[in-house]
Every structure is written in C-alpha cells, then in structure tokens.
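# Secondary and tertiary structure notes
As a plain string of letters, each chain reads:
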Number of protein chains: 2
Amino acid sequence: MDADAAAALIPAGANVGMSGFTGAGHAKAVPSALARRIRAAHAAGTPFRVGVWTGASTAHELDGALAEVDGIDLRMPYQSDPVTRAHINDGSMEYVDVHLSHVAQMVREGFFGTLDVAVIEVSSITEDGRLVMSSSVGNNVSWIENADALMLEVNHWQSEEWHGLHDLYLHSTLPPHRRPLLITHAGDRIGEGSMPCPLDKVIAVVETHAPDANPAPHAPDAASEQIAGHLLELYRHEVRIGRLPAALLPLQSGVGNVTNAVLRGMLDGGWRGLTAYTEVIQESMLELLDAGVLDVASASAMTLGPEAAARFNDEVGHYRGRIVLRPQAISNHPEIVRRLGVLATNGMIEADIYGNVNSTHLMGSRMMNGIGGSGDFARNAFLSCFVSASTAKGGTISTIVPMVSHVDHTEHDVHVIITEQGIADLRGLPPRRRARLVIDNCAHPDFRAELHDYVDRATHGGAYGLQTPHLLGEALSWHQRFVETGTMRR
Amino acid sequence: MDADAAAALIPAGANVGMSGFTGAGHAKAVPSALARRIRAAHAAGTPFRVGVWTGASTAHELDGALAEVDGIDLRMPYQSDPVTRAHINDGSMEYVDVHLSHVAQMVREGFFGTLDVAVIEVSSITEDGRLVMSSSVGNNVSWIENADALMLEVNHWQSEEWHGLHDLYLHSTLPPHRRPLLITHAGDRIGEGSMPCPLDKVIAVVETHAPDANPAPHAPDAASEQIAGHLLELYRHEVRIGRLPAALLPLQSGVGNVTNAVLRGMLDGGWRGLTAYTEVIQESMLELLDAGVLDVASASAMTLGPEAAARFNDEVGHYRGRIVLRPQAISNHPEIVRRLGVLATNGMIEADIYGNVNSTHLMGSRMMNGIGGSGDFARNAFLSCFVSASTAKGGTISTIVPMVSHVDHTEHDVHVIITEQGIADLRGLPPRRRARLVIDNCAHPDFRAELHDYVDRATHGGAYGLQTPHLLGEALSWHQRFVETGTMRR
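Numbering of residues begins from 1 in every chain and follows the order in which that chain's sequence is written. As a convention, the first chain written is A and the first ligand written is 1, with the rest following in written order. Restriction of local features to residues with pLDDT of at least 70 applies here, the model being predicted, together with a cutoff of 80 or more for giving and counting side-chain atom pairs; totals for whole chains, interfaces and linings are based on all residues. Side-chain descriptors were evaluated using all non-hydrogen atoms of the structure, hydrogens and water having been removed beforehand.

### A few points about the sheet that holds strand 7 (residues 130-132) of chain B
Residue and element names in this part refer to chain B.
- Strand pairing is assigned whenever DSSP identifies at least 2 bridges connecting the two strands. A run of H or I in DSSP counts as a helix once it spans at least four residues, and a run of E counts as a strand once it spans at least two, with each numbered from the N terminus. Taking strand neighbours across the sheet as the criterion, the three strands line up as 6-7-9 in an open arrangement whose pairing is antiparallel. Both edges of this open sheet fall to strand 6 (124-125) and strand 9 (195-196), since each of them pairs with a single strand only.
- Pairing of strand 6 with strand 7 involves two bridges; the strand directions are antiparallel. Each residue of the ladder has a partner; that of Ser 124, found in strand 7, is Val 132.

Structural data, given as structure tokens:
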C-alpha cells in the first residue's frame, strides 16, 4: 500500500517503534505520511500525538517531520533534531534519555507501555520470507519481536547485497535465561544474517526508493585537529610503554568532528590491523577500512554523508566479512565492551575539575541530544576519553567548570579528558590532584586563574571536607552567570 | 617470623597490598606491627608513611591502627574507618575511590605505582604448597600476582575446612586476551579452590590466631523495617505481574541495617530457591541459607559479627557447595551482573528529585566511605534500588534534595528509590514525572512542600530548559544552609 494508507492504520496515542539509528535505515515514508495525517487532525481540532521510539537519532523526515506538527508526546531513547529538541525543552514533549544498550530490555519489561506498531525499513525480503535489514539495525529486532503490528518499508534504494553484513542475535531474553555472548573479537558473529518475518503481525508493506539522510561531515576545525593529535599521541604513548598492543584495542567513537579527525589521523602513522567495536561507522572509519588500516568494524549503523552513502551502497557486498552491523543491545553490550577492552572516545558538553562529565544538559536543564551509548562504552572501556574544545559559544562558555551542572559520567568512569589545550590523564589520581591537572592541561588559559582560585579557596577554609573541596554557594555560579548574562566571563 | 620482624621488612614509601574485604580475612598482625614501627619512626623525627591497598574496608586493627599513627599517604579503593575518614577529609591522606571491580585491572596497568609488598591472610597452606584463602578473597589473587614481595599471615583461628569454598579465577588478563566468564548461575565455578604460592616472592610467614573483626549487626530500626517492607512488596509485585520469577533473581545487597532487615524479612513469606550474587554475605544471608530459603550465595567475603563468625568458623565445611567466595573482580563483574540480572539494593547518602544518587560525599566535599561495589552492580542490575531513611541527623537533613551535591549513580542508572515514606519506581519515566514521584513518595513530609515549590518555580519561568528544570542559584542551597547553620531547615 502507499504510505498514507499505512499511516492511516496508526491510531492516535499509539506507541510507534521505528527503525533508524542516525539517518541510516530509518523509516522514510510512513513517518512523513503520519505527520501529514496529524497536521490534518490538528487543523480539524482533533488531538493526535504518538509515542516515538527508535534506535537512536534519525533524520529530519522522521523526527523533524513529526515534531514540526507537534505529533510526539513521548520520545525515547535519543534524538539530535533541532525541532524535537525545542519541544523537549519548552516542556511540550516528554523525553526519556536511556542508555542505548538498555532500551530493548526495558521495552520488553513494559516500562514504556505497549508497542502498538513497528515501522521497519528492510533492504529486501528473501524468497523464504525472511527480513534483511539495511544500513542500521538499532532496535529493529526488539521492535519486530515486541510490536503488536508490523509495517515494513522495503527500500529499493538500499543495496540488494546487504545480506550477510548483519549479525542479528535472536536469542535475547530476560534473566534467568541469558547466555554468555561469545564474542571475543570485533568481527565475531553470534547471530543470523536475517530474521524470520512474523507474518501474522504484518499490516502494511510500503515500497520506498529513498536514500539514507545523514549530513556530510564538516572538515575538522583547528580545535578538533589538536584534540585528535593529543589522543593519537596518548595511544602512541600507551603502545610505547606496553599498556596497549601495537594494533591497539577495538575503537569506539561517538559521531562528530573530533572523532572524524582522530580516525583520519590514523590514515598516516603506520597503524595496521586495527578493529572497531562501536555504534556507528562514519566516513572516516570507512576510509580506514578501504586503506587497510582497519581490518574489521562492528557497529549498529552506517552513518555516511550522501555521497559516501551512495558510493558505499554500490559496493556493500565488497565489505562482507569486514563490516558487521548488530542490534544496539549487542553493539553496546557491557559484557563485550569490557571483555574486548574497547578504547572509547566520546564528546562532552562540559567536564568539571574533579573529572565528572556532563554529556546531555546545557546549564543543567536544557537537553542537547542525550547520553546515547556513551555510558555503555565509558563505564566498561579499557580506556575512556572525553573530548571537547575548552570553550564554546565564541569563548563565552568554559567547558571546564568548577562543578558540572549535570552528571552523566561520574569521576569513577572518566579516565582521560582532552581539549585542544591538552590531556588530563586522571587514571589512579585522587580528586585534588585531578583538579590541578584538569585546570592546567585542559582549561582555556582565560579561565585557569579563576578555577585555581576556586580550588584554593575551597581547600583553604571554605569546603566542608577536603576529599573533593567545593564551595557550594559558588559551584554552579558560572552556569548561573551564563543564564543571566549570556557569558560565563565576569 | 614474628609480626615485628616482618613489618621491619616494609620500607617507608612502600605500597602495601593487604588482604581484607570488610573485617574478614584481613591481615591481622603485620599492620599493627607496622603501625608500631611507624609510630617509633615519627617519634624519632623520621618520616614514614605507606600506600595501603585492600579489597574494601577492613577492621580497626588495619585501617584504624595505621591511620592513628598517620602512617598512610594514599588509601584505595574503599574504607569505612572513622580515623581514616578524618584524615581523608582534613586533607592529610589521599584517597582514590574506585569501583571495586576495576581495582585489579588498574593495578595491573600500573596506575597506582609498584605494589611493593603484599600481606595476605591464608587459612592454610596445602602440602603441595598452595594457598587457601580464608573468610574473604577481595584482591588477594591480584596482590599475590602483582606484588614484588609476599608476606603470608597463616591464621590458625580460621577453619581448616575453608578449602573448596573459594573459586579463584586465575586467568584474569588484560585485553585482547580476555575470555568469556562462563557463569550462568550464582553457584557456578570457573576457577580453582586454592592458588599456587610464588615461593620466590615470599619474604615472611607469620602465624596468627586471631578472629575476624566485624561488628555485630544492630537490630534494624523502624525506618529500616519500613524500607524493607516496601522493597519486599516491590519484589512480590514484580513476581505477581510476571516480571520476576518466583525465585526472584540473584540478590545483591550492600552491608547495613536496611539490607539486614530486607533479608530477615525474607525468612517469612514463603520465599524458596533464592540465590545471591553479591559482595558480602552478612548474618541475615547466612540465616536464609540455614533456613533453606537461599540455595546458594556467591560473594567475596563473609561479614559476620563476632558470635556468628565463631559459629560459622566451626561449620565452614558444612557450607561447601552453598557458599562461593570469589575475587572481587569476579563477584562484581559487570558481565556476570548483567547476565544473571542481579537485583541490587544499595544504601545512599542522598538522592535528588530527578533520580541522581550520591553514595559517597557529605555536602559534596566530605568523604563518607566510598562507592565500593555499588556502581558495579547498579549500572548492570536488572533492578537497581537505592535506599535510605528520608531524613538524617535528627531530621536536620533531608536525604531527598533538589540536586545531589555529588553524583555516583546517574539518573540513567537508578531504577527505584525507597525511603521509609515509600517507593518511587522511576523506570521508564521522564524527569519531571520522576520529580513528582520522588517528592510525593519518598521525601519526608516536612520537606515536600519546599521541594514541590522548587520544581514549580523552576518549571514556570526559572529554568534554562524544561527537560530537567533546575534553579542553579538554589540547587545546592540546602547543602550550603546545612554547612552554615547545621540544618537544611530554614
């Protein structure tokens, strides 16, 4: 049927699980049709909103289209869309920010209510009726298993060669029935290449012919290049002293300029035999595969800009055995992250002098995107780095602050902080020594004196205890000043 | 040799790894002898301090004795001793507060420097020269493997029947060589009952005859009984709706009055076939084993008061197959915690209205004990509960606050908060709904109106964004008021 006919089957108030992990493999036609339907209902004075569950962020034609018509009442588990973000922060959309590896389990337990409809993009349906995923897996297996009704978007744009690049673990269950996940190398497979289609659930099949929709990556700015340089130097140091093998350990990196710069930096320097165990494969990672630097990459999605996506789509089969796409419950699973000893690199909004990291909330209240998989990886990583430029918003914000305004990664889980200024390696250090290092190595010079002054006054008389000296009346004053005056500077 | 002769072999500035996880299986003679030596050195004007690494907290004769003579320069990974705590908070002792499951890995990587000497209590040495641990395992395997020199305290007080109750995983390694840990039931064994003794490292063998030294548990107070009642009702509810099996899932509980009350509460109510996968086996857990309610308990230590310890010591062999003591890297391992689906219950200092938990710092600066294993369990648990009375210090402190003054467990990792007032089940809820539930169900009535007023003002105009509405100028004002006036009450 066409997308409008399919969208007509989704009732107001439904919870809809959509495929999509970044702008890859997301449902491309039904969400827009649903948005048109919601707009018409609202114009007629009829309330119409749905709950939208996905793998992670999606594309404008899903999150943006539905948010623009005020069609989402609750969104989870991650987003990065400007309109969605605006609704979350003006209080008109509820948002549950969840570790990506926890979503499938929580849905199965019923904490978000019934999953009424799943809308899943597939690249093809095999002759024996099995579903072949496309450029992301995300929560597709979980949505298909848990939804009351299933809509399939068969996207003819997607390569017919996808079969064999996915590893769908179909035995996820709740304890006490869980079994060990026997992955000991990034490329190991523990599942199947496609999954059976529950025919009795299928209420619509919609054919599409639409490309994935990730933005092309920006060229890295100077700060990103400097941060990448520091991180690569750290890796070389760890190899030199024998703490990392020459082929490193499986790389994980969040999406973004810095990690693109890091990965591009690995094209030179003689790296060989690397692996990745991560959430998304970006263009820079694909370049490492093409260059023979990276042997194999495991992820849950291909996050490629339009040109790279089109090129990759023509050559999907060529990457069989070197790219494995898994459900996000497996790509981000703590068991595997810990065992493999992943090298995690994630962006942050701010860090404080004692090593706590805020990944989600601007000024403690305003949601940016969400924690995504950063917690899945950071807590269990062999080496967990958080990266950001030392200032933001034209230098008015210091990303190194006395106390973060929200904590997503605690002092116990943050190994290394990197800004363009340098590296603070916090492993094994007690709090007051961490503070000196973070200020001297990572803070922007304009803010260093004031940060040292804060610690000095807290340490000499001001604080209630000297394990982690804080002046509670001042700890969040930098953020408060920004809210009131538009700058953290005095 | 005697303990003084052994202590004479420990040089000033050494890092010393001691056995001990709670006042169980801790080195009992050498630490006191070392304290005497340090006191004499200080009296003679000679500086003498050491780094002290353990499994977790120990007993007064270890932590207390060394802290009283100002003999510790850096302590890790956990403590609960009043003198040690005072030194940490007056800034004279450095303290690194580490997830207990991460310690062995970090030591192996060298982040705390060289482990110069290990002092390990054993219950016996077998005829073929293997070491049999006693009432705790903690980091013993790691200390023995990593230390330059080894001292053994053979404690004749400990039962000779300990052999067979330990499961020593001797294949811990760093990635990329880690293998799956094939534990799928709390009682499964993946290691050996004893470990080879590296004879070339042994520089002292000291015979002792001293009991373990845990305090007798207090009778639970009314608040603890009420909290226990709420938690048991939650378990019954989860069983009723089919989200937990009738035999529950493996229990984990921190040490303390509340968890004692919970476990005692399980003696009645028809529970059968339960298991525990936890850090410490307390008296109440032993009672559950004796009563046939609990089938098997896995932990890293036996934390029994003097009478129960003496009684247990006479019957150790009787528990073979029903008690398994493991290295803390395994008892707390995220891989196993996640797979088994542990039901975690841990105490807290305070929680905030959005579900962030502070387990470590009074008023954001003063260290209480440490995070211990709470993070290992909470992040990966199937159900993670944090418990506390709703007030402390004679009602001057509300343990439910607008914003916690330190975060050890983020909003993403806290499933349920319980006080004597009731339960806030936060699973699946967005922040503003969490706030209402935490205030109405968990805060003490004296503080509820002020908490609601805070959220209302933050939500209606005050906050920078409405995902997690905060008033940054007030968020920590309750703590600041306590520091200034001795009460959070206006």
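Alright, that's what it looks like, and here's the rest.
### Re the domain arrangement of chain A
Residue and element names in this part refer to chain A.
- Just so you know, the domain bounds were taken from an automatic or database domain assignment. As far as domains go, chain A holds domain 1 (3-208) and domain 2 (222-485).
- Distance between the C-alpha centres of domain 1 and domain 2: 28 Å.
- Here, two residues are considered to be in contact whenever any of their heavy atoms come within 4.5 Å of each other. Taken together, the contact between domain 1 and domain 2 spans 48 residues of the former and 48 residues of the latter.
- Of the roughly 3,600 Å² buried where domain 1 meets domain 2, counting both sides, 58% is carbon and sulfur surface. Buried area: the accessible area, evaluated with a 1.4 Å probe, that two parts lose upon being put together, summed over both parts.

### Describing the interface of chain B and chain A
- Taken together, the contact pairs 83 residues of chain B with 83 residues of chain A.
- Regarding the contact of chain B and chain A, the summed buried area is about 7,500 Å², with carbon and sulfur atoms giving 54% of it.
- The working definition used for a salt bridge is a side-chain nitrogen of Lys or Arg within 4 Å of a carboxyl oxygen of Asp or Glu. Taken together, the links from chain B to chain A amount to four salt bridges.
- Distance and chemistry together define a polar contact, namely a pair of N or O atoms within 3.5 Å, with one atom able to donate a hydrogen and the other to accept it when in protein, and with adjacent residues in sequence counting only for side-chain atoms on both sides. For the interface between chain B and chain A, the tally reads 38 residue pairs in polar contact (both at pLDDT 80 or more).
- In terms of residue count, the dominant contributor to the side of chain B that touches chain A is helix 12 (residues 334-340) of chain B (five residues).
- The class makeup of the residues in the side of chain B that touches chain A is 36 nonpolar, 28 polar and 19 charged. Residue polarity follows a fixed list, in which Ala, Val, Leu, Ile, Met, Phe, Trp, Tyr, Cys and Pro are nonpolar, Asp, Glu, Lys and Arg are charged, and the others, Gly among them, are polar.

### Here's the deal with the pairing of strand 8 (residues 149-155) of chain B
All names here are of chain B.
- Among the seven residues that make up strand 8, seven are buried, leaving the element largely enclosed by the rest of the structure.
- The classification of residues rests on relative accessible area computed with a 1.4 Å probe and restricted to protein chains. Under 20% of the type maximum is buried, over 50% is exposed, and intermediate values are partly exposed. Of the two faces of strand 8, the one lined by Ala 149, Met 151, Glu 153 and Asn 155 and the one lined by Leu 150, Leu 152 and Val 154 are each fully buried.
- Relative to strand 8, strand 5 (residues 117-122) runs parallel, the two being bridged by six bridges. Pairing of Ala 118 across the sheet is with Leu 150, part of strand 8.
- For strand 8 and strand 10 (residues 202-208), the ladder comprises six bridges, and the chain directions are parallel. Paired with Leu 150 across the strands is Val 202, a residue of strand 10.

### Digging into helix 14 (residues 431-442) of chain A
- With 12 residues, helix 14 of chain A extends 16 Å from end C-alpha to end C-alpha; this agrees with the ideal 16 Å at 1.5 Å per step.
- Of the residues making up helix 14 of chain A, those classed as buried are Pro 431, Arg 432, Arg 434, Ala 435, Val 438, Ile 439 and Cys 442 of chain A. Here the buried residues of helix 14 of chain A occupy an arc of 155 degrees about the axis, which is enough to place them on one side.
- Those residues of helix 14 of chain A that are buried are in contact with strand 18 (350-352), strand 25 (400-401), strand 26 (416-419), strand 27 (422-425) and helix 15 (445-462) of chain A together with strand 4 (94-95) of chain B. Here the expected span of a helix is defined as 1.5 Å times the quantity of residues minus one. Each direction from the helix axis to a C-beta atom contributes to the arc, which is the arc of those directions.

### Description of the sheet that holds strand 1 (residues 15-18) of chain A
All names here are of chain A.
- The strand order across the open sheet built from seven strands is 4-3-2-1-5-8-10, with neighbouring strands paired in parallel fashion. Edge positions in the open sheet fall to strand 4 (94-95) and strand 10 (202-208), since each of these has one partner strand only.
- Here strand 1 pairs with strand 2 (residues 50-53) via three bridges, running parallel. Bridged to Val 16 within strand 2 is Val 52.
- Every axis in this analysis is a line fitted to C-alpha atoms, fitted for helices over the stretch in contact. Angles between the N-to-C directions lie between 0 and 180 degrees. Sitting on the sheet, helix 2 (residues 30-43) touches strand 1, strand 2, strand 5 (117-122), strand 8 (149-155) and strand 10, and the angle it makes with strand 8 is about 120 degrees.

### Points about the relation of the copies chain B and chain A
- For the pair chain B and chain A, the relating rotation is 180 degrees, the translation along its axis is 0.0 Å, and the fit reaches an RMSD of 0.0 Å. As the rotation angle and translation indicate, the two copies are arranged about a two-fold axis. Taking the C-alpha atom as reference, chain B places Glu 335 of chain B closest to the rotation axis, 2.1 Å from it.
- By residue overlap, the copies meet face to face through one surface: 100% of the interface positions of chain B are interface positions in chain A. The copies are overlaid by a least-squares fit using only the C-alpha atoms of residues whose pLDDT is at least 70 in both copies.

### Topic: helix 9 (residues 283-290) of chain B
All names here are of chain B.
- Where burial is concerned, most of helix 9 is hidden: six out of the eight residues are buried.
- Listing the buried residues of helix 9 in full gives Glu 283, Ser 284, Met 285, Leu 286, Leu 288 and Leu 289.
- Positive phi shows up at Gly 292, right after helix 9, with a value of about 80 degrees.

### Brief notes about the packing of aromatic side chains
Residues and elements named next belong to chain B.
- Aromatic rings from Phe, Tyr and Trp, taking only the six-membered ring of Trp, are treated as a pair when their centres fall within 6.5 Å; an angle between ring planes under 30 degrees marks them as stacked, one over 60 as edge-to-face, and anything in between as tilted. Under the criterion given, the structure shown has 12 aromatic pairs over all chains.
- A centroid spacing of 5.9 Å and a plane angle of 55 degrees characterise the contact between Trp 53 and Trp 143, whose relative ring orientation is tilted. Here Trp 53 is found in strand 2 (residues 50-53), whereas its partner Trp 143 is found in helix 6 (residues 140-146), with 90 residues between them in sequence. Each member of the pair, Trp 53 as well as Trp 143, is classed as buried.

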